[in-house]
Amino acid sequence: MKSPTPDCVLVRPGELSLKGGNRRRFEKILRRNLRLALEHALGEAPRIEKRHGRFYLLDPRDPRKTARLAARVFGVANASPASRVPAEPAALEQAALKLLERRLEEAAPRTFAVRVRRADKRFPIRSGPFAAEVGARVLEAHPGLKVDLDAPELELGIEIREEGAFVFLEKIPGSGGLPVGSEGRVLSLLSGGIDSPVASWMMMKRGCRVEFLHFDSSPFTGPGSLEKVRRLARILDSWQGGTKVFVCPFAEIQKVLRARRGESYRTLLYRRFMMRIAGALASRRRLGALVTGDSLGQVASQTLANLRVVHAAAADLPVFRPLVGLDKEETIALARRIGTYETSIEPYEDCCTLFQPRSPATAGKAETAAALEAGLDLEGLTAGALENLRELDLDAPPGPGGSPGGGPAR
Ligand code: ATP
Ligand code: MG
């Protein structure tokens, strides 16, 4: 008989099953993302097999760790470290008991339930009676345990499928969503704050590959700001891999705008330039949308009127603001889960707070903003900024003087 310790990981995809004709493409992307994520975290990925809409990670070195890593990949509903067992009642019962005994060495659950799924109808016993039979065996061996079918402390899962029979004790909840890359690429405006990393993650969750653009105000800000962005980007990279971060020197444009009239509009004018430059970069890289961490009503620049003022300068591209429906507390909870929170709250100098107007306009008008920009060479400034774009090297140690440490952007 097979060893009673988990020797594979069962990965259950989420929404893929809804995808009809696209399903094969989605599965291919998910398989690749699983392989890359496991390679990245473990150095090498176990063999991955796909059967009947499931993925099996075979003979992983550390099944629990592998299952946790796999569950984190977008598109995965949940994952179970499992033991493969011959599809025979006696072998399954024995494997279930052994797995349970190992668990009882670590924990002391008081209640349990056996859940059987019999997808392969050649198995001689129906799922209900077989669950009862295994449950009876467990009670014989462990009289201290009680059955609780509603809220058991321990669930013993048995799945009998054409490709094999599996016994497992855990279903590690997955990240859900769609596999990164299945819905195209977008450009996210990444600051050093709490919000934009969360907004970016939410787009990844819906299948987008996210590229990043950061506006750097050095020398007004110190090298710490860029370093912080690099660390945030590395954390975000762990959710998608292959991350690109572009850094746009922004100080010159800020100087130009600071010299204009209309102090109360200053933040809005910065933001409008960010939109223009982001739009130009997105079009150059053929990215399908812009993403920001704006919410509604959080700060002066995020009133409904001001979002419109900023949006008016955006190129003809969708601009997604996935946080618009969240309270700050909800965003913070997500940031903690993603792993960006602790980095985001480190003090840093923000290019917009730096030159913040004393009393910012809260009900701005696009026409007024445009009037304040009159006479500026918008296209020239945008093109110039694009020219000076650099790609941030995520692996580089902190560069002297906060240099991005990357090559010219393509
Ligand atoms: P965050 O926590 O993401 O900084 P915030 O609530 O502080 O957001 P703002 O500072 O007003 O809000 O910024 C709104 C959005 O504008 C950010 O979420 C981000 O998408 C974009 N943004 C602001 N500053 C920068 C920057 N320096 N580089 C790139 N994007 C920026
Ligand atoms: Mg901010």
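Summarised in this report is the structure supplied together with it. Just so you know, these numbers come straight off a predicted model, no measurement behind them.

Definitions and limits used
Residues numbered from 1 in each chain as written. Chains lettered and ligands numbered in written order. Predicted model: local features only at pLDDT ≥ 70, side-chain atom pairs only at ≥ 80, totals over all residues. Heavy atoms only, no water. Helix = DSSP H or I, 4+ residues; strand = E, 2+ residues; numbered from the N terminus. Buried < 20%, exposed > 50% of the residue type's maximum accessible area, 1.4 Å probe, protein only. Contact = heavy atoms within 4.5 Å. Areas by Shrake-Rupley, 256 points an atom, 1.4 Å probe, with all protein chains shown as cover. Pairing = 2+ DSSP bridges. Axes fitted to C-alpha atoms, helices over the stretch in contact; angles between N-to-C directions. Parallel < 35°, antiparallel > 145°, perpendicular 65-115°, else oblique. Nonpolar A, V, L, I, M, F, W, Y, C, P; charged D, E, K, R; others polar. Phe/Tyr/Trp six-rings, centres within 6.5 Å; stacked < 30°, edge-to-face > 60°. Lys NZ or Arg CZ within 6 Å of the ring centre and 35° of its normal. Near = heavy atom within 4 Å. Polar contact = N/O pair within 3.5 Å; in protein donor to acceptor, adjacent residues only side chain to side chain.

## Some points on the overall build of the protein
In step 1: Broken down by element type, the protein carries 14 helices and 15 strands.
In step 2: Principal-axis analysis of the C-alpha atoms places the extent of the protein at approximately 85 × 45 × 35 Å.
In step 3: Within the protein, the proportion of its 410 residues that are buried is 50%.
In step 4: Relative to all contacts within the protein whose residues are 6 or more apart in sequence, the contacts with residues 24 or more apart total 80%.
In step 5: In the form shown here, the protein has an accessible surface area of approximately 19000 Å², with 51% of it arising from carbon and sulfur atoms.

## Considering the sheet that holds strand 10 (residues 185-189)
In step 1: Strand order in the open sheet formed by six strands is 14-13-10-11-12-15, and the pairing between neighbours is mixed. The open sheet terminates on both sides in strands that have one partner only, identified here as strand 14 (319-320) and strand 15 (390-391).

## Observations regarding the packing of helix 8 (residues 266-284) against helix 13 (residues 366-373)
In step 1: In contact at an axis separation of 11 Å, helix 8 and helix 13 are set at 85° when each is read in the N-to-C sense. One way to sum up the angle between helix 8 and helix 13 is to call them roughly perpendicular. Contact with helix 8, carried on its side by Leu 269, Arg 272 and Arg 276, involves Ala 366, Ala 369, Ala 370, Leu 372 and Glu 373 of helix 13 and no other residues of that element.
In step 2: A breakdown of the residues in the contact of helix 8 with helix 13 according to their chemical character gives five nonpolar, no polar and three charged.

## With respect to the packing of aromatic side chains
In step 1: Per the counting criterion, the structure on display carries seven aromatic pairs.
In step 2: Between Tyr 56 and Phe 166 the ring centres are 5.0 Å apart and the planes differ by 15°, which places this aromatic pair in the stacked class. Remark: Phe 166 occurs in strand 8 (residues 164-168) and Tyr 56 occurs in strand 3 (residues 54-58); sequence separation between them is 110 residues. Of the two residues, Tyr 56 and Phe 166, neither departs from the other in class, the shared state being buried.
In step 3: Between Arg 72 and the ring centre of Trp 239, over which it is positioned, the NZ or CZ distance is 3.8 Å.
In step 4: For the cation-ring pair, Arg 258 lies above Phe 220, with the distance from its terminal atom to the ring centre recorded as 5.7 Å.

## A look at the site of ligand 1
In step 1: Near ligand 1, the surroundings consist of 20 residues, among which Leu 189, Ser 191, Asp 195, Ser 196 and Gln 302 are the closest.
In step 2: Within the backbone of Ile 194, a nitrogen or oxygen atom sits 3.0 Å from an oxygen atom of ligand 1.
In step 3: Burial of ligand 1 by the protein chains amounts to 91% of its free accessible area of 570 Å².
In step 4: At the level of elements, helix 5 (195-205), strand 11 (209-216) and helix 8 are the ones that each hand at least two residues to the shell around ligand 1.
In step 5: For the shell around ligand 1, the element with the most residues is strand 11, which contributes three residues.
In step 6: Residue composition of the shell around ligand 1, grouped by class: eight nonpolar, nine polar and three charged.

## Some remarks on the environment of Glu 153
In step 1: Mapping Glu 153 onto the fold places it in the loop between strand 6 (146-147) and strand 7 (154-161).
In step 2: For Glu 153, a relative accessible area of 41% gives the class partly exposed.
In step 3: Setting aside its immediate chain neighbours within four residues, Glu 153 contacts Ala 108, Pro 109, Arg 110 and Thr 111.
In step 4: Separated by 2.9 Å, the side chains of Glu 153 and Arg 110 make a polar contact.

## Description of the pairing of strand 1 (residues 8-13)
The two faces of the sheet receive side chains in turn, since in a regular strand these alternate between them.
In step 1: Counting buried positions over the six residues of strand 1 gives six, a clear majority of the element.
In step 2: Sheet topology places strand 1 next to strand 3; four bridges connect them, and they run antiparallel. Each bridged residue has a counterpart across the sheet, and for Val 11 the counterpart in strand 3 is Phe 55.

That is the geometry; function is a separate question.
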